[in-house]
Number of protein chains: 2
Amino acid sequence: MHKLYLMTRSEENYIKTIFHLGRKGTQEVATNAIAELMETKPSSVTDMIKKLSEKNLVNYKRYQGVSLTSLGTKTALGIIRKHRLWEVFLVEKLDFSWDEVHEVAEQLEHIKSDKLIDSLDRLLAFPKFDPHGDPIPDKNGGFKERDRDLLSEVPINTVGVCVGVKDSSATFLKFLDKNGIALGNQISVKEREEFDGSLNIEIDGRNLQISHVIAANLYIKTNDEI
Amino acid sequence: MHKLYLMTRSEENYIKTIFHLGRKGTQEVATNAIAELMETKPSSVTDMIKKLSEKNLVNYKRYQGVSLTSLGTKTALGIIRKHRLWEVFLVEKLDFSWDEVHEVAEQLEHIKSDKLIDSLDRLLAFPKFDPHGDPIPDKNGGFKERDRDLLSEVPINTVGVCVGVKDSSATFLKFLDKNGIALGNQISVKEREEFDGSLNIEIDGRNLQISHVIAANLYIKTNDEI
DNA sequence: ATTAAAATTTAGGCAAATCTAAAAATTTGT
DNA sequence: ACAAATTTTTAGATTTGCCTAAATTTTAAT
């Protein structure tokens, strides 16, 4: 009994935003947080929350914030699946760079057609991660975060592979391009400067100094898994 | 100076409809005709026409019907280009059948990204016709109708290739599938039954009897070109 | 524990796109 | 040509999603 298909674009965007905010803090999502992320007013958020609540997509008690119901979560995962699959398509098939995909995927994620998205999944050979290293939910909403660590938090001499970015803004991604940092690169952490937290790393053979902010937005998968 | 990018989905749908209606009769398009095709009310059409008129997309004089301006035509061709390219994509890359593509393409045609559509064009190797044999406008809106004739109107013994359908409803297309009629088939017209206008044709070697209605919705390209 | 600050909701409005019903203009039939 | 039929437009409502401003509830500070 999914009325998933009756959802408006705006409803879908709210559900997606609530999902993303809910991931971070485990608790209820604040009205203001939603408003800020969506660049809208808190009063508009309240209106929409009521509507979503009536459709059983969110749990809501006045002044207490919202959380997604299981139906809401399922819906969010469906939208995220579409978003990320389209991102892979844009990069793999249409030669978009990873900093160009988000805006277009924001539009494409609202296209309604199960057959379309499942065929796209097949065309792309069922990718498990999007161009920023984020996991792609499968048809049933199942997905697992990849085991990974922020580069800023691993001990000296850690060796691993760059598998994702925390900030996927175009600005940051272009910075990475300019410095030759890409997913799949081998990285080893040589030295940490205590003064400002910057790191000396070796990346695909080259030596590079990166600031703490940069390191705090790069994920690596280390080799010391069990 | 194209505000093409500021158009709403609804505006785009009106422009597209006016374009299609304008192709048939050369004259102005009637409010009622638009309303009927769009399954909306004439009063809604009038409202929208005024809006489009203010945006310089249509020529409008009260009670006199509408026609597209050159900006409106350019806009329409852009939307049709997108629609048809997406249809090719769905058939060629995602294994949709020709009767399944329209509904999804109706959604995809509204995605805004020049880079997306031009890359898609390249991925598909710059196709000139969509899965129903309709021409795809190029980047600048240029396209030429293919030289073709309705099967119902060619003389006996005409030989040609099936290159398009007039009616591209799922019902008709599925009928063609069931009878093994597809674009690219060799067709020769053997006999015309005067009583009901039905035809005996040979299609890719097989003999087939088709009604007048069917023949009046199939285009062939004959070999007797200059 | 009160009060000040912050967050949230309510109330009332607006614009887009639609509708119904009624009025106006055009077209048609004789 | 002129009344009747048809088409088109206007007027006034409705719904969705948003807004501002004011009221309410919660949280934080002393």
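Keep in mind the model is a prediction, meaning the values are calculated, not measured.

J.: Honestly, the nonpolar core in this entry has me stumped. Any pointers?
T.: In globular proteins that are soluble, nonpolar side chains generally tend to be buried together. One finds L218(A) and L218(B) to be the most contacted residues of the largest nonpolar core, which totals 64 residues. Excluding residues within four positions of it along the chain, L218(B) makes contact with L151(B), C162(B) and V165(B).

J.: Looking at this structure, how should I read the protein's contact with DNA strand D?
T.: Around DNA strand D, 20 residues are found, and the nearest of them are T8(A), S43(A), A30(B), N32(B) and S43(B). Of all elements in the fold, only α1 (9-23) and α3 (42-54) of chain A together with α2 (31-38) and α3 (42-54) of chain B reach the threshold of two or more residues within the surface near DNA strand D. With 5 residues, α3(A) is the single largest residue contributor to the surface near DNA strand D. Of the residues assigned to the surface near DNA strand D, the class counts are 5 nonpolar, 10 polar and 5 charged.

J.: Before we go on, may I ask you to explain the sheet that holds strand β6 (residues 199-203) of chain B in this structure?
T.: The strands making up a sheet associate through backbone hydrogen bonding, with each pair oriented either parallel or antiparallel. Residues and elements named next belong to chain B. Taken in spatial order, the 6 strands line up as β3-β8-β4-β5-β6-β7 in an open sheet, and their pairing is antiparallel. Looking at strand neighbours, the two that pair on one side only are β3 (149-150) and β7 (206-210), the edges of this open sheet. As judged from the 3 bridges shared by strand β4 (residues 159-165) and strand β5 (residues 186-192), these two strands associate in the antiparallel manner. Its bridge partner lying in β5, V161 is registered against Q186.

J.: Would you mind showing me how to read the relation of the copies chain A and chain B here?
T.: Between the two copies of the chain lies a rotation about an axis combined with a shift along it. Superposition record for chain A on chain B: RMSD 0.0 Å, screw rotation 180°, translation along axis 0.0 Å. The transformation relating the two chain copies, once decomposed into turn and shift, fits a two-fold axis. Closest approach to the rotation axis among the C-alpha atoms of chain A is made by L108(A), whose C-alpha sits 3.8 Å away. Most of the interface of chain A is mirrored in chain B, where 100% of its interface residues are also at the interface.

J.: Would you explain the pairing of strand β8 (residues 218-222) of chain A in this entry?
T.: Within a regular strand, the side chains alternate between the two sheet faces. All names here are of chain A. Across 2 bridges, the pairing between strand β3 (residues 149-150) and β8 is antiparallel. Residue pairing for β8: L150 is matched across the bridge by Y219. Strand direction decides the pairing type here: strand β4 (residues 159-165) and β8, joined by 5 bridges, are antiparallel. Paired with G164 across the two strands is Y219, which belongs to β8.

J.: What should I look at first to understand the sheet that holds strand β6 (residues 199-203) of chain A in this one?
T.: Across the sheet, 6 strands lie side by side as β3-β8-β4-β5-β6-β7 (chain A); this open sheet has antiparallel pairing. Two strands lie at the open edges of the sheet, namely β3 and β7 (206-210) of chain A, each paired on one side alone.

J.: Before we go on, may I ask you to explain the packing of helix α4 (residues 70-92) of chain B against helix α6 (residues 114-123) of chain B in this structure?
T.: Pairs of packed helices are described in terms of their axes, by the angle between the two and the distance that separates them. All names here are of chain B. Relative to each other, α4 and α6 sit at 45°, their axes nearing to 10 Å. Judged by the inter-axis angle, α4 sits oblique to α6. As for the relative orientation of α4 and α6, their crossing is left-handed in sense. For the pair α4 and α6, the contacting residues are K82, L85 and F89 in the first and I117, L120 and D121 in the second.

J.: Explain the protein's contact with DNA strand C to me, please; I cannot follow it from the model alone.
T.: In the region of DNA strand C, 20 residues are neighbours, and A30(A), N32(A), S43(A), T8(B) and S43(B) sit closest. Broken down by secondary-structure element, the contributors of at least two residues to the surface near DNA strand C are α2 (31-38) and α3 of chain A together with α1 (9-23) and α3 of chain B. Classifying every residue of the surface near DNA strand C gives 5 nonpolar, 10 polar and 5 charged.

J.: What should I look at first to understand the domain arrangement of chain A in this one?
T.: A common measure of how large an interface is: the accessible area buried when the components associate. Taken as a whole, chain A is organised into domain 1 (4-68) and domain 2 (149-222). For domain 1 of chain A and domain 2 of chain A, the distance between their C-alpha centres works out to 34 Å.

J.: Sorry if this is basic, but what is going on with the confidence of the model for chain A here?
T.: Any segment with low pLDDT has predicted coordinates that should not be analysed in fine detail. With 96% of its residues at a pLDDT of 70 or more, chain A shows a mean pLDDT of 95. Overall fold confidence (pTM) sits at 0.93, and the ipTM for the predicted complex is 0.92.

J.: Even after reading the chapter, I still don't get the packing of α1(B) against α2(B), so can you show me in this structure?
T.: Residue and element names in this part refer to chain B. Interaxial distance between α1 and α2 falls to 10 Å at its minimum, and their mutual angle equals 115°. Of the two possible hands of crossing, α1 and α2 adopt the one that is right-handed. When α1 is examined against α2, the residues N13, T17, I18 and L21 are found in contact with a partner set consisting of A33, I34, L37 and M38. The residue inventory of the contact of α1 with α2, partitioned by class, reads 6 nonpolar, 2 polar and no charged.

Conventions and cut-offs
- Residues numbered from 1 in each chain as written.
- Chains lettered and ligands numbered in written order.
- Predicted model: local features only at pLDDT ≥ 70, side-chain atom pairs only at ≥ 80, totals over all residues.
- Core = buried A, V, L, I, M, F, W, Y, C linked by C-beta atoms within 7 Å.
- Buried ≥ 20, exposed ≤ 12 C-beta atoms within 10 Å, placed from the backbone.
- Contact = placed C-beta atoms within 7 Å.
- Near = placed C-beta within 6 Å.
- Helix = DSSP H or I, 4+ residues; strand = E, 2+ residues; numbered from the N terminus.
- Nonpolar A, V, L, I, M, F, W, Y, C, P; charged D, E, K, R; others polar.
- Pairing = 2+ DSSP bridges.
- Least-squares fit on C-alpha atoms with pLDDT ≥ 70 in both.
- Axes fitted to C-alpha atoms, helices over the stretch in contact; angles between N-to-C directions.
- Parallel < 35°, antiparallel > 145°, perpendicular 65-115°, else oblique.
- Left-handed = near helix turned anticlockwise from the far one by under 90°.
- Domains from an automatic or database assignment.
- pLDDT = per-residue confidence, 0-100.

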